[in-house]
Amino acid sequence: MTMNDGSSLRDIPTGTRLDPWFNAYAARAHGLRSSEIRALFAVVSRPEVVSLAGGMPNIKDLPLEELAESAARLIRNHGAQAMQYGSGQGWEPLRQRIVDVMAYEHIKGDPDNVVITTGSQQALDLVSEIFLDPGDVVLAEGPSYVGALGTFRAYQGEVVHVDMDHDGLVPEALEEKIREVRASGRTIKFLYTIPNFHNPGGVTLSAERRPQIVEICKREQILIVEDNPYGLLGFKAEPLQAMHALNPEGVIYLGSFSKMFAPGYRIGWALAPHAIRDKLILASESAILSPSMVGQMTIESYLSNFDWFSQVQTYRGMYRERKEAMLESLDELMPDCTWTKPEGGFYTWVTLPEGLDAKSMLPRAVKNLVAYVSGTAFYADGRGGNHLRLSFCYPTPEDIREGVRRLSQVVSAEKEL
Ligand code: PMP
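Calculation criteria
- Residues numbered from 1 in each chain as written.
- Predicted model: local features only at pLDDT ≥ 70, side-chain atom pairs only at ≥ 80, totals over all residues.
- Pairing = 2+ DSSP bridges.
- Helix = DSSP H or I, 4+ residues; strand = E, 2+ residues; numbered from the N terminus.
- Contact = placed C-beta atoms within 7 Å.
- Axes fitted to C-alpha atoms, helices over the stretch in contact; angles between N-to-C directions.
- Buried ≥ 20, exposed ≤ 12 C-beta atoms within 10 Å, placed from the backbone.
- Right-handed = clockwise from strand over helix to strand, strands pointing away.
- Parallel < 35°, antiparallel > 145°, perpendicular 65-115°, else oblique.
- Left-handed = near helix turned anticlockwise from the far one by under 90°.
- Nonpolar A, V, L, I, M, F, W, Y, C, P; charged D, E, K, R; others polar.
- Near = placed C-beta within 6 Å.
- Core = buried A, V, L, I, M, F, W, Y, C linked by C-beta atoms within 7 Å.
- Expected span 1.5 Å × (residues − 1).
- UniProt positions renumbered as here; feature names shortened; annotations may be inferred.

Draft legend 1. Quick peek at the sheet that holds strand 3 (residues 137-142). Within the open sheet, the 8 strands sit side by side as 2-9-8-7-6-3-4-5. Their pairing is mixed. With one partner strand each, in any of the chains shown, strand 2 (114-117) and strand 5 (168-169) form the two edges of the open sheet. Running at roughly 105 degrees to strand 2, helix 3 (residues 92-103) makes contact with strand 2, strand 8 (251-256) and strand 9 (268-271) of the sheet.

Listed below in structure tokens is the structure:
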């Protein structure tokens with residue numbers, strides 16, 4: 001439709017009173033907004049910009065030819081099933097394989113308690129849908145995963161951040177927040193936590209703290225949502241015990257094939273206590289009927305017929321090399337900043353010299369052909385301005401070094417302003 005000023009309806013931003021449907025939206029739709037990362041997308045796709053912003057898995061080492069063969073075989077031999085709707089809970093043979101994958105993190109899961117989702121992002125959506133009434137509180141590390149913050153906001157949940165340090169979520173800070181939130185009369189629905197190779201924090205919850213956090217939540221009757229897409233991507237040590245393994249009845253564990261294999265199939269899962277599992281299935285059926293059969297069958301065949309664990313090891317080596325390039329360059333070029341030292345995953349969290357603001361510095365960084373995500377994207381309460389997230393997953397080690405060099409120039413110039 002063309003408006004009388006010549007603009008088209010598509011040009012009008014949603015959520016403003018110029019939008020002709022403004023009054024028709026549900027109250028929760030007014031809270032939807034684009035994340036700072038999405039807003040950066042156009043900028044970081046320019047080839048001359050070194051992007052240390054996005055968190056796209058680096059899938060260049062996947063054996064595409066073999067995968068193509070295997071996909072063709074699947075469709076030739078099992079096409080009728082692969083092209084059909086499937087169970088709302090997810091295909092049983094894949095649920096069984098997922099239990100084998102989770103055993104690497106010491107989880108004794110029952111395939112009957114696994115719900116397959118369209119990426120773990122959908123699992124976050126389902127958990128929010130079944131638990132959050134407007135105004136309910138979600139406790140989450142500060143900072144936390146931007147995609148989860150967006151989902152909690154979409155269901156009108158309120159995120160209260162809990163401090164994290166180099167050993168992950170701080171148990172005493174958790175206890176204090178629980179007291180504080182309850183004293184204010186609000187209801188806590190769950191603790192959302194990313195224990196391994198945190199996005200964006202780059203830290204891992206220590207082995208000592210895991211039982212402490214689980215114990216606090218058990219005592220306070222707070223459900224834990226353990227989001228673990230990076231768990232198998234540790235640089236050296238084998239995975240720590242998942243929190244789910246410490247209290248299966250009090251933890252919903254979320255897993256994903258996006259980082260350990262490929263995000264394109266959009267397959268993730270939730271392992272939940274039995275009663276919650278039923279609600280997740282119902283919510284998922286009403287959202288999507290069933291997850292993609294072709295996606296599920298392809299992943300099942302990958303897990304059964306490929307040496308998937310050696311692919312995970314290839315990824316670990318590739319990400320380790322990139323992490324080293326990033327930390328060495330930071331050491332060399334950014335002496336006034338501090339940063340976390342990730343033992344796996346994709347990210348490091350940088351603290352700028354006092355007084356510097358990552359958000360206002362970003363346009364000057366982009367002008368100097370380097371991009372990052374401002375720390376403000378990862379807080380629900382406007383904090384984070386003195387921090388930024390750097391990703392080392394996608395660019396080559398050479399580009400990472402060049403990106404950090406450009407960033408160091410921007411930070412130096414910023415200090416003189
Ligand atoms: N949780 C975290 C912490 C993530 O970093 C991501 C992806 N960036 C997701 C969940 C969602 O992953 P997916 O939907 O691809 O499984």
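Draft legend 2. Quick look at the sheet that holds strand 13 (residues 373-374). Here we have 4 strands laid out as an open sheet, ordered 10-11-14-13, and antiparallel in their pairing. Of all the strands in the sheet, the pair left with one neighbour each is strand 10 (338-339) and strand 13.

Draft legend 3. Seen up close, the pairing of strand 7 (residues 223-227). When you tally the buried positions in strand 7, you get 4 out of 5 residues, the bulk of the element. Here 4 bridges tie strand 6 (residues 188-193) to strand 7, and the two strands are oriented parallel to one another. Within strand 7, the position partnered with Thr 193 by the bridge is Glu 226. Running through helix 7 (residues 209-219), the crossover from strand 6 to the neighbouring parallel element strand 7 is right-handed. In this sheet, strand 8 lies alongside strand 7 in parallel orientation, the contact comprising 4 bridges. Its bridge partner being in strand 8, Glu 226 is matched across the sheet by Tyr 253.

Draft legend 4. A look at the packing of helix 6 (residues 171-183) against helix 7. It is at 10 Å that the axes of helix 6 and helix 7 come closest, and there the two elements cross at 15 degrees. When the interaxial angle is binned, helix 6 and helix 7 end up roughly parallel. The handedness of the crossing between helix 6 and helix 7 comes out as right-handed. Contact with helix 6, carried on its side by Pro 171, Leu 174 and Glu 175, involves Arg 209, Gln 212, Ile 213 and Ile 216 of helix 7 and no other residues of that element. Tallied by class, residues from the contact of helix 6 with helix 7 come to 4 nonpolar, 1 polar and 2 charged.

Draft legend 5. Molecular detail of the site of the ligand. Surveying the vicinity of the ligand reveals 14 residues, the closest of which are Gly 119, Ser 120, Gln 121, Ser 256 and Ser 258. Looking at the shell around the ligand element by element, the count peaks at 3 residues for helix 4 (residues 119-131).

Draft legend 6. Molecular detail of the nonpolar core. Membership of the largest hydrophobic core comes to 103 residues, with the highest contact counts inside it found for Ala 270, Ala 371 and Tyr 372. Contacts of Ala 270, omitting those with residues within four sequence positions, involve Val 115, Thr 117, Ala 123, Ile 252, Leu 254 and Leu 280.

Draft legend 7. Inspection of helix 11 (residues 308-333) at higher detail. Over its 26 residues, helix 11 runs 37 Å from end to end, which matches the ideal 38 Å to within 8%, given 1.5 Å per residue. Taken residue by residue, helix 11 has Tyr 315, Tyr 319, Arg 322, Lys 323, Ala 325, Met 326, Ser 329 and Leu 330 as its buried positions.

Draft legend 8. Up close: the UniProt feature "domain: Aminotransferase class I/classII large" (unreviewed entry) in the protein. Those residues carrying the UniProt feature "domain: Aminotransferase class I/classII large" (unreviewed entry) are residues 61-407 in this numbering. The span residues 61-407 is 45% helix and 16% strand, and its two end C-alpha atoms sit 28 Å from each other.

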